[in-house]
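Chain by chain, the residues:
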Amino acid sequence: MGQVAWKALFLSLFDYKTEKYVIAKNKKVGILYRAVQLSVLAYLVGWVFVVKKGYQDTDTSLQSSVITKLKGVAFTNTSELGERLWDVADYVIPPQGESVFFVVTNLIVTPNQRQATCPESDSIPDALCHEDEDCQEGAAVVAGNGVKTGRCLKDRDSIRGTCEILAWCPVEKRSKPKKPLLGSAENFTVYIKNSIRFPKFKFSKMNVLATDNESYLKTCRYSAEEHPYCPIFVLGNIVRWAGGDFQEMASGGGVIGIQIEWNCDLDKAPSECNPHYSFSRLDNKSAESSISSGYNFRFAKYYRDAEGVDYRTLIKAYGIRFDVMVNGKAGKFNIIPTIINISSGLALMGAGAFFCDLVLLYLIKKSNFYRGKKYEEVKSSSRKSLSSPTLNGNQSPEQLGGL
Amino acid sequence: MGQVAWKALFLSLFDYKTEKYVIAKNKKVGILYRAVQLSVLAYLVGWVFVVKKGYQDTDTSLQSSVITKLKGVAFTNTSELGERLWDVADYVIPPQGESVFFVVTNLIVTPNQRQATCPESDSIPDALCHEDEDCQEGAAVVAGNGVKTGRCLKDRDSIRGTCEILAWCPVEKRSKPKKPLLGSAENFTVYIKNSIRFPKFKFSKMNVLATDNESYLKTCRYSAEEHPYCPIFVLGNIVRWAGGDFQEMASGGGVIGIQIEWNCDLDKAPSECNPHYSFSRLDNKSAESSISSGYNFRFAKYYRDAEGVDYRTLIKAYGIRFDVMVNGKAGKFNIIPTIINISSGLALMGAGAFFCDLVLLYLIKKSNFYRGKKYEEVKSSSRKSLSSPTLNGNQSPEQLGGL
Amino acid sequence: MGQVAWKALFLSLFDYKTEKYVIAKNKKVGILYRAVQLSVLAYLVGWVFVVKKGYQDTDTSLQSSVITKLKGVAFTNTSELGERLWDVADYVIPPQGESVFFVVTNLIVTPNQRQATCPESDSIPDALCHEDEDCQEGAAVVAGNGVKTGRCLKDRDSIRGTCEILAWCPVEKRSKPKKPLLGSAENFTVYIKNSIRFPKFKFSKMNVLATDNESYLKTCRYSAEEHPYCPIFVLGNIVRWAGGDFQEMASGGGVIGIQIEWNCDLDKAPSECNPHYSFSRLDNKSAESSISSGYNFRFAKYYRDAEGVDYRTLIKAYGIRFDVMVNGKAGKFNIIPTIINISSGLALMGAGAFFCDLVLLYLIKKSNFYRGKKYEEVKSSSRKSLSSPTLNGNQSPEQLGGL
C-alpha cells in the first residue's frame, strides 16, 4: 500500500464506532427495560455494595495469639482429702495459659498406686472369670487397667470373680462424686488476652483496649450488654451463656467453646474493629451417649518413697475445658472486586436488554415489524451490494434468531 | 423548554432502544458463532456450575475443637525398670486430650540426677580436653549439659579426657534401646472427637454421628472402606496409612498428621456433610538427616529426698506425636458469585461475537462487502445530514477498525 | 408450518447476526475511546494479571504442623536456690515442643507450702482488717490465696492486720528479682521445624530444606540477610527483631510472635516456595498497664513427705512465651478467575464505550447530528413500515435516551 493508504488506515483508527440503535416507540417494552435496569441497579448498589460490601477485598485467615489467666480459690472438705484449699496452680491444666485450658471441677483420686498384682475392677466385662483359664496370661484386659497374670480371683463362696492383673494397684474405683468437688469454680474468673493480625492488610489489634484504665480492667466483668469489651469472664456466666448448667457440667465434665469473632471494616477507623464474643457447648450433650458427652482425663503425680520405689497418685479429672477459638474477617476497599462486581452488573443489564429484545421481537403484537427493523438482512450478491439497505420486516421466520 | 418538551423528554425515557443488527447470510461464520456459544455455555454450565459449583459462596475458615482420648496398656520387662505396666497416665503427654498428643514409645531414663559436678559426656565435641586450660571455667558446653568448672578429667593413663561440668549429674548416656520399649503401642486406640463450625454460614457439626448407637462407638475401628465414620483409630493403622513402619517410628520417634477434611455442600442435607480422614508423615524421614527426622524431647520428674534436696529423673522420650489438623470448605448458594459467573459467561460470548466479527469482516472472501454493511460511515457535514444514510461498502481500509 | 418453513427456520439459526455500527469520523471521541481502551488494557494486564496474579486461584487455609526444640544451659547462683544449673527439662514449658512454648527466665519460688492457716499477704486489699469481724469466715479473699478463717491477725502494737486464711501456707511473697534469673537465656537457640500443606492444591513443604547438609543445619543461625532459610534462631535475636529488650522482657515476661509466612506461586517450581519469618511482640508493652503487659503463670511441684502429707513448691514463672504462627497463600493458574477477570475488563470497555457515546451524543458540537445517526426511530404504523428507515437527526429531545 502507498503512503496515503497507510495514513488513511492510521486515521481510521481514531474514527469512533458506535452501535446503531433502533428506537422502538413501544412504551410497554420501554417501561419493562427501565424496570430491569432499576432492579439491577438496586441489586448492585443496595445488596452487592452496601450490604455485602462488594467493593472490598477480604481476608479471613488471621493470625491469633491467646493468653488466658484464671483467678479464684475454692475450699473443699471431703472425707478422702480432708480440708483442702484449691488455687490456680492446683486446678488449671496446663498452667501456662494457652488458648485451650481446663479447669478441674471433680476428681476420682486413687492414691498410693504401685506396680503390683491385684484384681481388676469388676465393672470391666473382659476381666470377669469363672476359672483361671478365662484369664489368659499376658493378655491385656480390653479397656482395662493391666495385663492378666493368669489367675482368677474369687471370693470364697462366689462362682464369679475377676482376673488378677499386673497393673498400678489398687485399680481405680469407678465412681465419681455426684456433687462436683469444686462447684464453687462457678465464681472463678478468666482473663482472656487476644492479639490478632490480618496478614493481608498488615493490621494488628488486641481485645484489651489500650485506652481503658487499669482499674477498670481489674474490676470489670464481661457481659454482652454492659461490658462488651471487658476481657474478664466469670466461668459460671460462660457456661450459662453456652446453654449449660454449671453444676451438672462440673460433675461430668464438658467442653465450652469461646468464640471470638473479629469482623473488621478497615475502611473505617481501627477503633471500630472490635471483638464479638459468643459461647457454645462443644461436647454433644444432646446425644445422651456417655461416650461422646462429658470430658475427663487421667493423669498421675509420681512420688518416690524412701526405698526409691516409685508410686503415684492417679487422678481422673472431670472438668470444663474451654477452647478459645478466634476467627475473623477483614475487608478493605480494593479496585479488583469493585470492578468485577460492577462488570457483573453491566453484564446483567445486557442480559436484561436481551430479555426485553425477546419480548419486543416475539411476544408483542407488532413484533414482526420490529424484527424487520432490528435485523437488516444482507446478501453478498453483487446486485444487492449496490442497492440501498434491504429492510424486510415481513420475512422468513427468525424466531430463534435473537439468541 | 416548555411543558410539552418536558413531557416529550419524559416519554422518550420509555422508548425502548435496541441495537440494530445486520444479518449476514454466511453459514460458515454462523456455524462458527453457534459453536462458540455452545462452548461457552458448556464451560459455564458444565465446568463452572456443575463441577466447580460456581453458584456457591464458600467458607474455608472453620472453627474446630478437637478432643482426643487414648486407650490401651503395655507391659514391659527391662533390666533397668523391671516389670512395669504402662497405662494412659504414663505414656500420653500432655494428658488432657488436645489436638496434638504424644505417645511415648521409647525412653532413655537417667535416674537420680542431682546438681553436682561430673564429667561431660564424651560424645560432645566441645567437652573434649587435653588439659585444664581446654575447659574455660564458667563457659557453657556447646550443645552440652552444663557449665565447665575448669578441670579436665582424664583416666589415669589416657591423654584425652572430658571437661568437668556443673550440671544435673550424672549426665545422660547417649544410647537409646534399638527395640522400642513400648512397641505394643501399635494396638492402642485413640478416640477423636472433632466439632467444627463454619462461622460464615453458622453451621456446626461433629464427627461423631448423633444417630449411632453407643455400643457401635465402643467397638468400631476406623477403616476407610468399612467404617469411614467411626471415630476410633488404631495407632498402628494410622502409622501404616501414613506410609510409616510403626516399630521403626516407635524406636526413633516421628510426627504423624491426621488430617480431617470437611467438604460440605450446605445446599444439600446436613447429614451429607461428613469428615474425610487422611494420614501423612510430617517429619521428613526421606531426608535421612538425623537433625530433621524423628521426634523426641526431654522432661524430668522432680523429687525431694528426706533432707529436702531436689533430685530428678531425666527422661528422654522418643515417640510418635499425632497432630490432628482440621480443615474444610463449605459452599452454599449465593446470588453474588452466581451472577459474577454468569456475567463472565456473557462477556465471553461477547468476546466470541467479536472474534466472529473479525472472521466475517477480514478473513472471508466477501468480507469487504460485510464491512460496508456493518459499518455505516457518517460525516457531520450539513449536506450529508439531510441525505439518506451513507453506505460505503468499498471504502478506505478499516482493518483495525473493529478493535 | 410446512416442511419448507421449518427448514428455513433451521437455516436461519446459522445466519450470523452482527451489530450494525455507525462510524463517527470524530477524532476527539475516537482518541478518547482508544485512550479508554488502552487504560483498561493496562489495568487488566498490568495490575490484575501481572501484579495481582488475577489468573490464579488462591488458597489461604493451610494446614501446619510445628515442632520446636530448644538448646542451651544456664547457670545461676542465688541465695535462695544456691548454685544451680538449668537445662532444657528445667526451663521449657511444656516440654514436648509444640508451636507455643515458654522459656522460664525469672522465678518467685515459694517452697514447702502446706495446707494450713497463715496470714494472707498484706498487699491484697481485701485481706486487710482491724478486727475479727472484718474477716468473714469461709469467704474467699478477692484476688487472694485462700479462704478466711474469721480471725484477724495483728502484730502486738499495730491496729491494722491481715485476715488469717486457710491456704497453701506460707503464701507467696510479692516480689520478683529485678535482675532476671536466667538472663543468659538470650543465647539459647530454638530449632523450628514447620511442615505445611495447602489442601486445595495438595502441595506440601517443609521449612527445613531437604538439600541442606546436616552440618549446616547444626551450625547455622537464622538471619534475614545471610541465612534466610536456616531454621535455628537465637532467642536474643528474636526478641531484638521483635523490637524488645531481652533483659527487660526476661524480668517481667512477655509474648513474642514468630510469624512464618508462605507466599507460594505454584505455577513456578516448588523450590521457589519458601518461608518468610517475621517477629513481633504480642503483649502490648506500650500500654504500660501492668494488667495487660508481661507474662507469667503459677505452677507447683508436688511432693509427699515420709508421713504421706502432700506439700508443694509453688513457682511463679516469668518468662517469654513464643507463639509460632503460620500463615500462607498459594496461587495456581485456574481458568475461572482468569475468565472472570478478563470479563470484567471487557465489561469495563463496554462501560468506556457508553461513556464515549455520552460525549459523542451530548457534549460535542454536532452531537445532535450523531444522535440522529445512532438512533433510528421506528413507529409501528403500517404506513411507515413500508417506507425507508426514518432518520431524524434533529428530533425531539432524547437527552436521557442513551442510558
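These remarks concern the structure in this document. The structure presented is a predicted model; accordingly, all values stated were derived computationally and were not measured. (Residues numbered from 1 in each chain as written. Chains lettered and ligands numbered in written order. Predicted model: local features only at pLDDT ≥ 70, side-chain atom pairs only at ≥ 80, totals over all residues. Heavy atoms only, no water.)

1. Quick look at the sheet that holds strand S1 (residues 16-19) of chain B
Test applied: Strand pairing is assigned whenever DSSP detects at least two bridges linking the two strands. Helix and strand definitions follow DSSP, with helices as H or I runs of at least four residues and strands as E runs of at least two, each counted in order from the N terminus. In this analysis, axes come from line fits to C-alpha atoms, helices being fitted only over the stretch in contact, and the angle between any two N-to-C directions falls in the range 0 to 180 degrees.
Pairing is mixed in the open sheet, where three strands are placed in the order S1(B)-S2(A)-S19(C). The sheet is open, and its two borders are formed by S1 of chain B together with strand S19 (375-378) of chain C, each paired with just one other strand. Across the sheet, the mean angle separating the axes of adjacent strands is 30° when strand polarity is ignored. Of the pairings in the sheet, the one linking strand S2 (residues 21-24) of chain A to S1 of chain B comprises four bridges and is antiparallel in character.

2. Observations regarding the relation of the copies chain B and chain A
The criterion, for reference: Only residues with pLDDT of at least 70 in both copies contribute their C-alpha atoms to the least-squares superposition of the copies.
Taken as rigid bodies, chain B and chain A are interconverted by a rotation of 120° and an axial shift of 0.0 Å, the fit giving an RMSD of 0.2 Å. Taken together, the rotation angle and the small translation identify this as a three-fold axis. Of every C-alpha in chain B, the one belonging to Lys20 of chain B sits nearest the axis of rotation, 3.3 Å from it.

3. Some points on the sheet that holds strand S19 (residues 375-378) of chain B
A sheet is described by the order of its strands in space; here three strands give the open sequence S1(A)-S2(C)-S19(B), paired in mixed fashion. Among the strands making up the open sheet, the edge pair consists of strand S1 (16-19) of chain A together with S19 of chain B. The average angle at which neighbouring strand axes cross in this sheet is 30°, direction not considered.

4. Digging into the state of the cysteines
Structurally, a disulfide amounts to a covalent bond that connects the sulfur atoms of two cysteines. Rules: Any two cysteine sulfur atoms within 2.5 Å of one another count as a disulfide. Under the scheme applied here, a residue whose accessible area is under 20% of the maximum for its type counts as buried, over 50% as exposed, and between as partly exposed, the area being computed with a 1.4 Å probe on protein chains only.
Applying the stated criterion across every chain yields a total of 15 disulfides over all chains. Between the sulfur atoms of Cys135 of chain B and its disulfide partner Cys163 of chain B the distance amounts to 1.9 Å. Across the disulfide from Cys135 of chain B to Cys163 of chain B, rotation about the S-S bond amounts to roughly -90°, and the bridge is consequently left-handed. Of this pair, Cys135 of chain B sits in the loop between strand S9 (128-129) and strand S10 (147-153) while Cys163 of chain B sits in strand S11 (residues 161-169), and the two are 28 residues apart along the sequence. Taking relative accessible area as the criterion, Cys135 of chain B reaches 2% and is therefore assigned buried. Here Cys118 of chain C engages in a disulfide with Cys169 of chain C; their sulfurs sit 1.9 Å apart. Between Cys118 of chain C and Cys169 of chain C, the disulfide has an S-S torsion of -80° and is therefore left-handed. Of this pair, Cys118 of chain C sits in strand S8 (residues 100-119) while Cys169 of chain C sits in strand S11 (residues 161-169); the two residues are 51 residues apart in sequence, bridging distant segments of the chain. Across the pair, Cys169 of chain C and Cys118 of chain C agree in class, each one buried.

5. Quick word on the pattern of salt bridges
Selection rule: By definition, a salt bridge exists where a carboxyl oxygen of Asp or Glu is found within 4 Å of a side-chain nitrogen of Lys or Arg.
Enumeration according to the criterion identifies 42 salt bridges over all chains in this entry. The salt bridge involving Arg312 of chain C is made with Asp87 of chain A; its shortest N-O contact spans 2.5 Å. Of this pair, Arg312 of chain C sits in strand S18 (residues 310-333) while Asp87 of chain A sits in the loop between strand S6 (82-86) and helix H3 (88-91), which puts the two residues in different chains. By relative accessible area, Arg312 of chain C is classed as buried at 0%. Two residues, Asp357 of chain C and Lys374 of chain C, come together in a salt bridge whose shortest N-O distance is 2.8 Å. Note that Asp357 of chain C is positioned in helix H7 (residues 335-363) and Lys374 of chain C in helix H8 (residues 367-374), a separation of 17 residues in sequence. Owing to a relative accessible area of 11%, Asp357 of chain C belongs among the buried residues under this scheme. Because the salt bridges share partners, they merge into one network encompassing Arg84, Asp87 and Asp90 of chain A together with Arg312 of chain C.

6. Focus: the interface of chain A and chain C
Applicable threshold: By definition in these notes, contact holds between two residues if any of their heavy atoms fall within 4.5 Å. Computed with a 1.4 Å rolling probe, the buried area is the accessible surface lost when two parts are put together, summed over both parts. Residues adjacent in sequence count toward polar contacts only when both atoms are side-chain atoms; beyond that, a polar contact is any pair of N or O atoms within 3.5 Å, and within protein one must be able to donate a hydrogen and the other to accept it. Here the nonpolar group is Ala, Val, Leu, Ile, Met, Phe, Trp, Tyr, Cys and Pro; Asp, Glu, Lys and Arg are the charged ones; every other residue, Gly included, is treated as polar.
Tallying the contact residues gives 69 residues for chain A and 93 residues for chain C. Carbon and sulfur atoms supply 59% of the area that chain A and chain C bury against each other, a total of about 7,400 Å² over both sides. A salt bridge links Asp15 of chain A to Lys25 of chain C; the shortest N-O distance between them is 2.7 Å. The interface formed by chain A and chain C contains 31 residue pairs in polar contact (both at pLDDT 80 or more). Among the elements that line the side of chain A that touches chain C, the one with the most residues is strand S4 (residues 63-71) of chain A, at seven residues. Each residue belonging to the side of chain A that touches chain C can be placed in one class, and the counts come to 33 nonpolar, 14 polar and 22 charged. Relative to S19 of chain C, S2 of chain A runs parallel, the two being bridged by four bridges. By the bridge assignment, Val22 of chain A is partnered in S19 of chain C with Glu376 of chain C.

7. Digging into the interface of chain B and chain A
Facing the 69 residues of chain B at the interface are 92 residues of chain A. For the pair chain B and chain A, the summed buried surface comes to about 7,400 Å²; carbon and sulfur atoms form 59% of the total. Taken together, the links from chain B to chain A amount to four salt bridges. Among the ionic pairs, Asp90 of chain B bridges to Arg312 of chain A, the shortest N-O distance being 3.1 Å. Where chain B touches chain A, the interface holds 29 residue pairs in polar contact (both at pLDDT 80 or more).

8. Observations regarding the packing of aromatic side chains
Stated formally: The criterion for an aromatic pair is that two Phe, Tyr or Trp rings (for Trp, the six-membered ring) have centres within 6.5 Å, with stacked assigned to planes under 30 degrees apart, edge-to-face to planes over 60 apart and tilted to the rest. Over a ring means this: the NZ of a Lys or the CZ of an Arg is within 6 Å of the ring centre and within 35 degrees of the ring normal.
According to the stated counting rule, one finds 62 aromatic pairs over all chains in the structure shown. Between Tyr33 of chain A and Tyr16 of chain B, the ring centres sit 5.3 Å apart and the planes meet at 75°, which makes this aromatic pair edge-to-face. You can see Tyr33 of chain A sitting in helix H2 (residues 27-51) and its partner Tyr16 of chain B sitting in strand S1, one on each of two chains. Per residue, the accessibility class of Tyr33 of chain A equals that of Tyr16 of chain B, and both read buried. Centroid distance Tyr222 of chain B to Phe233 of chain B: 4.8 Å. Interplanar angle 35°. Geometry classified as tilted. Of this pair, Tyr222 of chain B sits in the loop between helix H4 (214-219) and strand S14 (232-234) while Phe233 of chain B sits in strand S14, and the two are 11 residues apart along the sequence. Comparing Tyr222 of chain B with Phe233 of chain B shows no difference in burial state: the two are buried. Taken together, the ring pairs in this structure connect Tyr222, Phe233, Trp241, Tyr277 and Phe279 of chain A into an aromatic cluster. Positioned over the ring face of Tyr375 of chain A is Lys374 of chain A, at 5.9 Å from the centre of the ring. Lys301 of chain B extends its terminal NZ or CZ atom over the ring of Tyr302 of chain A, reaching a point 3.7 Å from the ring centre.

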